[in-house]
Structure formats: structure tokens, C-alpha cells
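# Examining the three-dimensional arrangement
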Amino acid sequence: ELYSKPVEVIPHVWSAIGATAPPTYENAGHNNNLSFIVTGDGVVVVNGGASYALAKALHEEIKTVTSQPVKLVFNENGQGHAMLGNSYWAEQGVDIVAHVDAAAAFEESGHQSLRAAIATTKERADKTEVISPSITFEDTYIVEMGEMKIEARYLGPAHSPGDIVVWLPEQELVISGDMAFHERMLPIFEDTMTADWIETWETVFEPMGATYVIPGHGHPTNMDQVRRYTHDYLVYLRDKIGAHLDDGGTLADAYYVDQTPYTGLDTFEELATKNAGRVYEQMEFE
């Protein structure tokens, strides 16, 4: 089921890199990164996955790496590809942790996410159910397990409600979730407040000083790369839309502001015009 097998990013930290395309039957909905940390006294998984089958497939790969049991799963946000695999992990008796806002978002939209997953991946979504996290937190959830200190942090508004990052301070590695994108264009949702995302990035996320970044989408990289394709893209698009508004431009024309510096990103065709329209609608009333 996995789009790609896990790779060891740094010692004891692994990630199965998902497709940078939208979810399809062929990629089984594995279009985000599913990571795990081998602590010496158990395994911590980051992201429940988009289905029961994907979570199970990740677990089978974990078993080839270590005999340590999975003791905890973090959901990076309330989207389907972060939480629908909870149905497998809950069956294994593993605690599942998420931010309170992510849990609330999944309560509201989880069944819709499941219907969409079934429509796209058909029988590959079999046994998938809507299972909420068993533990929620507001600011920071710290785990000291084996030789690892793991900090799940809510840094502030970003891509979607309850986005968290998982920070390994001693290793200077952050599993950023949808705080940071790489290789594919980020989507701007109706509830994505781009000005707040930029502020969270500049005041909290980047000052953490991560050397290694496992983004929500795209291969592991560094802060320069995710800044280029996340923070800098948001700033660029807001500048373009701001100038368009200053010139009295309409929403209909806003869809076609120049985004050519980012045409090389995957999902550009699917998302660029939508992103421009949503930023226009936000900035019109700022």
C-alpha cells in the first residue's frame, strides 16, 4: 500500500515519503509523509495515515526495522490522511495524540474525509473507520522514551486547524507536518489564514533552528528549501494579490495573477488558481 518504503533520515528517525500528487487509487491515498522514531524503548509514529491498510503497511515496515513495539502515534492535524489510519492503531491498543483543534476538526469532517477516501481508493479503504485521538493537548506534549526526547508542539495558526510539529531538540530535527511544504504546491483552504501562517513561521517555527526538516509533503530537506516553497510562496502570493487589490482588480482576474516562479511544483495546475482566489478573498477584508 505504501507509495514508498521508509528511509532512515538520520539515525533512528525514518519516513515513508508519500506521493506529491493528490490522492489516487494508484497511490492508495499515501500522499503525505508517514514517519516513525525508534527510541530504544518503543516506537513513536507521526501520522495515523490515510487508511487502515496504510497504517498496517507502515507497521509491517516498522517490524522489519525493530522489534520495539509502537507505543504512541501523533496526528499532525485533523485531515483524513493524518487521522483515518487511527482505526488500525486503535485496534493495536496504541494511544493516539493530537491537538485539541485537530481533534475537533476531525470530529466535524472525519466522516466526509472517509467518504472521499472510499470514493477515491475504493477497496483499499476497507476496514477504515473514523476514530478520534485518545489524547489531546493545547500547547506542548513531551515524551521522554528510551534515548529520545520528543516534543509535539502547537506553534500557532498555520495550514489547517491544530497543525503541530514534532521536534527532536537533541537531533535538531523537526517533523513539520503541514507547517512546511517541499516539492509540491501547498493548498490554501478556506480556513487557512495566510498572514497568521507567515507570522507563526517567522516568530516561532524558523527560530527553533532545525537542521533537518521532514516536511508534510516532499522529501526530507533543510530549512532553506521549505522556506522557499512555503513561507516565500505565501509572501509572494500575498504581494501579488495586494498589488492586484491596490489596482482595483477583481476576484475573477485575481485567479490569474502571475505565479510562474512556482510552475515547477507538483500540484501547481490543481492549486495555483484556487490559492490566488482564496488569498484575494482574505485580503479583501484585512
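Residues numbered from 1 in each chain as written. Predicted model: local features only at pLDDT ≥ 70, side-chain atom pairs only at ≥ 80, totals over all residues. Heavy atoms only, no water.

## Brief notes about the pairing of strand β5 (residues 70-74)
Remark: a regular strand shows side chains that alternate across the two faces of the sheet. Stated precisely, the cut-off is as follows: Using a 1.4 Å probe on the protein chains alone, a residue whose accessible area is under 20% of its type maximum counts as buried, one over 50% counts as exposed, and one in between counts as partly exposed. Every helix listed is a DSSP run of H or I at least four residues long, and every strand listed is a run of E at least two residues long, numbered separately from the N terminus. At least two DSSP bridges between two strands are needed for those strands to be called paired. The crossover handedness rule: strands pointing away from the viewer, path from first strand over the helix to second strand clockwise, crossover right-handed.
Among the five residues of β5, four are classified as buried, and the element is accordingly described as predominantly covered. As defined by bridge partners, strand β4 (residues 43-46) adjoins β5 across four bridges and the pair is classed as parallel. Considered in β5, the bridge of Val-45 is made with Val-73. Remark: the β4/helix α1 (residues 52-65)/β5 crossover connection has right-handed handedness.

## Observations concerning the sheet that holds β5
The condition is simple: Axes, fitted as lines to C-alpha atoms, cover a helix only where it is in contact. Angles between the N-to-C directions of the axes lie from 0 to 180 degrees.
Reading across from one edge, β1-β2-β3-β4-β5-β6-β7 is the order of the seven strands in this open sheet, with mixed pairing throughout. Taken across any chain shown, the strands that pair with only one partner, and hence form the sheet edges, are β1 (7-10) and β7 (135-137). The mean inter-strand angle of the sheet, taken between neighbouring strand axes irrespective of direction, is 25 degrees. With three bridges joining them, β5 and strand β6 (residues 95-99) adopt parallel strand pairing.

## Observations regarding α1
Spelled out, the test is: Here a helix's expected span is defined as the number of its residues, less one, multiplied by 1.5 Å. By definition in these notes, contact holds between two residues if any of their heavy atoms fall within 4.5 Å.
The terminal C-alpha atoms of α1, which comprises 14 residues, lie 20 Å apart, in line with the 20 Å expected from a rise of 1.5 Å per residue. Within the sequence span of α1, burial applies to Tyr-52, Leu-54, Ala-55, Ala-57, Leu-58, His-59, Glu-61 and Ile-62. Lining the buried residues of α1 we find β2 (13-16), β3 (34-38), β4, β5 and α3 (86-91).

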